[in-house]
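Inside the fold
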Amino acid sequence: MFRAPEKDTIPAPDFTRRTRPGVVLARSRRTTVAGTHRVPGDKSITHRALLLAALAPGRSSLRGALTAEDARSTARVLRQLGAELSPLRPGATVEVTGHRRFTQPRARVDCGNSGTTARLLLGLLAAHRFSSVLTGDASLRRRPMRRVTEPLTTMGARVVQASHDGLPLTITGGRLRPLEWRLPVASAQLKSALLLAGVVGGVPVTLHEPAASRDHTERMLRHFGFDVESRVGGVIFKPTGRLAPFEIDIPGDPSSAIFLLASAALADAGTIIVAGVGINPSRIGYLATLVRLGVAVAVSPGGNTFGEPFGALTATASSMHAIDVPADEVPGVIDEIPMLACLAARARGTSRFFGLAELRVKESDRLALLAANLRAVGVDASIDGDDLTVTGTAKPLRGRVITGGDHRIAMAFAVLGSQSGSRIDVDNPACAAVSFPGFAATLAGLFTAGN
Ligand code: S3P
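Quick caveat: nothing in here was measured; it's all calculated off a predicted structure.

Rules behind the numbers
Chains are numbered independently. Their residues run from 1 in the order of the written sequence. Owing to the predicted nature of the model, reporting of local features is limited to residues with pLDDT of at least 70; listing and counting of side-chain atom pairs is limited to 80 or more, with chain, interface and lining totals taken over all residues. Side-chain metrics rest on all non-hydrogen atoms present in the structure, leaving aside hydrogens and water. Here a helix means four or more residues in a row that DSSP labels H or I, a strand means two or more in a row labelled E, and each is numbered from the N terminus. Atoms counted for the radius of gyration: C-alpha only. Globule rule: 2.2 Å times residue count to the power 0.38. By definition, residues are in contact when any of their heavy atoms lie within 4.5 Å. Per-residue and other accessible areas follow the Shrake-Rupley method at a 1.4 Å probe size, with only the shown protein chains counted as cover for residues. Buried residues are those whose accessible area, probed at 1.4 Å on protein chains only, stays under 20% of the maximum for their type, while exposed residues exceed 50% and partly exposed ones sit between those limits. Working rule for helices: expected span equals 1.5 Å times residues minus one. Between any two strands, pairing holds if DSSP finds at least two bridges. As used throughout, domain bounds are those supplied by an automatic or database domain assignment. Defined in terms of a 1.4 Å probe, buried area is the accessible area two parts forfeit on being brought together, summed over both. Any Lys or Arg side-chain nitrogen found within 4 Å of a carboxyl oxygen on Asp or Glu counts as a salt bridge. Comment: axis = line fitted to C-alpha atoms, over the contacting stretch for helices; angle = value between 0 and 180 degrees taken between N-to-C directions. The disulfide criterion used throughout: a pair of cysteine sulfur atoms within 2.5 Å. Here, nonpolar core means buried Ala, Val, Leu, Ile, Met, Phe, Trp, Tyr and Cys residues that are tied together by side-chain atoms lying within 4.5 Å of each other. Stacked, tilted and edge-to-face are the three classes applied to pairs of Phe, Tyr and Trp rings, where Trp contributes its six-membered ring and a pair requires centres within 6.5 Å; stacked means planes under 30 degrees apart, edge-to-face means over 60, and tilted covers the rest.

A closer look at the overall build of the protein
Along the backbone of the protein there are 13 helices and 25 strands. Rg of the C-alpha trace for the protein: 21 Å, near the compact-globule value of 22 Å for 451 residues, within the 12% margin. For the protein, the C-alpha atoms occupy an extent of roughly 65 × 45 × 40 Å along the three principal directions. Sequence separation of 24 or more characterises 75% of the internal contacts of the protein that already satisfy a separation of 6 or more. A total accessible area of about 16400 Å² is found for the protein, and carbon and sulfur atoms account for 53% of it.

Regarding the environment of A188
Assignment of secondary structure puts A188 in helix α6 (residues 188–201). Judged by its relative accessible area of 9%, A188 falls in the buried class. Residues contacting A188, with those up to four places away along its chain left out, are R48, S213 and R214.

Some remarks on helix α2 (residues 69–80)
Over its 12 residues, α2 extends 17 Å from the first C-alpha to the last, a length consistent with the 16 Å expected when each residue adds 1.5 Å. Of all the positions in α2, only D70, A71, S73, T74, A75, V77 and L78 are classed as buried. The elements touched by buried residues of α2 are α1 (43–54), β6 (84–85), β8 (109–110) and α3 (115–125).

Quick word on the pairing of strand β23 (residues 387–391)
The two faces of the sheet receive side chains in turn, since in a regular strand these alternate between them. Side chains L388 and V390 of β23 all project onto a buried face; the interleaved residues D387, T389 and T391 project onto a face where none is buried. With 4 bridges connecting them, strand β21 (residues 350–353) and β23 associate as antiparallel partners. Bridging across to β23, F353 finds its partner in L388. The pairing of strand β22 (residues 380–384) with β23 spans 5 bridges and is antiparallel. Within the sheet, the bridge partner assigned to D380 lies in β23 and is T391. The loop that links β22 with its antiparallel partner β23 comprises 2 residues; one of these, G385, has a positive phi angle of about 65°.

A short note on unusual backbone geometry
Cis geometry is adopted by the peptide bond preceding P168, which originates at L167 and carries an omega value of 0°. Mapped onto the secondary structure, P168 falls in the loop between β10 (158–161) and β11 (169–172). Of note, the phi angle at F306 is positive, near 55°, even though the residue is not glycine. Mapped onto the fold, F306 is located in the loop between β18 (296–305) and β19 (308–316). Overall, F306 belongs to the buried group, its relative accessible area being 14%.

Quick notes on the domain arrangement of the protein
Interface size is commonly expressed as the accessible area that is lost once the parts come together. Along its sequence, the protein is carved into domain 1 (16–40 + 252–449) and domain 2 (43–240). Distance between the C-alpha centres of domain 1 and domain 2: 28 Å. Taken together, the contact pairs 24 residues of domain 1 with 25 residues of domain 2. Of the roughly 2000 Å² buried where domain 1 meets domain 2, counting both sides, 51% is carbon and sulfur surface. Together, F306, E363 and V434 form the three largest contributors to the area buried by domain 1 at its contact with domain 2, with a combined 28%. Residues D335 and R214 are paired through a salt bridge, measuring 3.0 Å at the closest nitrogen-oxygen approach.

Points about the sheet that holds β21
Read across the open sheet, the 4 strands follow the order β20-β21-β23-β22; overall the sheet is mixed. Because the sheet does not close on itself, it has two edges, and the strands there are β20 (324–325) and β22. Strand contacts of helix α10 (residues 337–344): β21 and β23, with the helix running at about 160° to β21, the strand carrying the most contacts. The strands touched by helix α11 (residues 366–376) within the sheet are β22 and β23, with β22 carrying the most contacts at an inclination of about 155°.

A look at the sheet that holds β6
Ordered in space as β6-β7-β5-β16, the 4 strands form an open sheet in which the pairing is mixed. Of all strands in the sheet, those with a lone pairing partner are β6 and β16 (247–249), marking the two edges. Examined bridge by bridge, strand β5 (residues 58–63) and β16 share 3 bridges and lie parallel to one another. Paired with R63 across the two strands is D249, which belongs to β16. This element, α1, spans β5, β6, β7 (94–98) and β16 of the sheet and lies at about 35° to β7.

Structural notes on the state of the cysteines
Note: disulfide means a covalent bond formed between the sulfur atoms of two cysteine side chains. Across all of its chains, the model carries 0 disulfides by this definition. Not part of a disulfide, C111 finds its nearest cysteine sulfur in C431, a span of 19 Å. Judged by relative accessible area, C111 falls into the buried class, the value being 0%. Lacking any disulfide linkage, C342 is separated from the closest cysteine sulfur, that of C431, by 13 Å. Assessed through its relative accessible area of 0%, C342 is described here as buried.

Thoughts on the nonpolar core
One broad rule of soluble globular proteins: the nonpolar side chains tend to lie buried together. By size, the foremost hydrophobic cluster in this structure holds 73 residues, and its most contacted members are L62, F102 and L152. No other element matches α6, which puts 8 residues into this core. Aside from chain neighbours lying at most four places away, what touches L62 is A49, L50, A53, A92, T93, V94, V96, F246, I248 and I250. I323, A347, F436 and L446 belong to the second largest nonpolar core, which has 71 residues in total.

Regarding the packing of aromatic side chains
Pairs of aromatic rings are described using the distance from one ring centre to the other and the angle between the two planes. This structure, assessed with the given rule, holds 6 aromatic pairs. Consider the rings of F259 and F439, whose centres lie 6.0 Å apart with planes at 75°: the pair is edge-to-face. In this pair, F259 sits in helix α8 (residues 254–266) while F439 sits in helix α13 (residues 439–444), placing the two residues 180 residues apart along the sequence. The same class applies to F259 as to F439, namely buried. Through a chain of ring-to-ring contacts, the aromatic side chains of F224, F246 and F306 assemble into a single cluster.

Encoded structure:
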């Protein structure tokens, strides 16, 4: 269903001047974007499909799966836990042979940079009667896990954590009790971890959420016959289903598509289409934000795959004006804030983003890095508590961006640097590979010849 990228785009010549160790994006002429483009498979759906396939006894097939570093982290840990997975290669179907139960890992389970891997796995391991030690890279080891381990402990798992709230930790699973829990934050990772504990433990789970978060886990579980009721303020899960081998077509990731749409918004002229991308309403809240900024965007639904709607997104070069993003909108655009804040840097007036506390515990302290990097390239940006203020400017943006190894910071500033007149040096562009393999080539391919 999802075809390989169409060859209707012309890579822009003399776009990227490479230096060591960073990449300087410098462009002097007018920029025009065009073409129909694809983005890699959805990261959230890929993680979930891999995890569920590993526990579905038999052979499952995943087409269009993300093959980026985060997805490889999930594949690697699942092999350690006894599942057989074919290599994650772009364009190749991932074949997973799952077993009803994981086997005890012989070494530490290293989740790399992936918070989704660590948290969702904790939920699954909570119902397995053995001990595992979970760890990750320096960024992941700093990220909060108690929000997940506390309710899992209430369900019956045993967790031994170091004094700081993060990894490594040891989890010993067991027989689980039903759970009713009030989530302290709107987090799909936390919600999914607890639902997955309910699946493997065979117990009901009722969750109260302060705001809605992405609902891929709920949609997938319904496919397996689980009774999952999503209502305003929470979700009620009953263990009525059973995991069985499946086939899935994974759509493109809307959180990757925003980098292409934003490139169009920032260009001097042109329109681009991103085809075959997921348009689950819990993921495309950012389209409404783009519209408020003044960006011309459109959605055209294409169909449904495994309970997930997909279609095409279109964006056109636009002149933008400042907006306010209230705190209650943030969970719906959590991964897109870096790009939206960079767009605000090119919008007329002062934009304010409220209630960004969760950004501080992503792959980096995204709030601090966003403000510091915007200032580093010549934009007036400041933080007050958990709020970010960005005043747009029309002058060429120049300076060096520190990514802190954070893929979304790297990509947002690379897009900002692709504007005419700007010259932005991104210190570690390679970290985009965490979620978007081939990002630099895709970005270069948006611009028509002569740019
Ligand atoms: C994800 C949920 C989000 C998001 C992350 C992926 C998921 O985090 O930031 O990139 O797949 O569940 P939270 O909703 O947990 O904040």
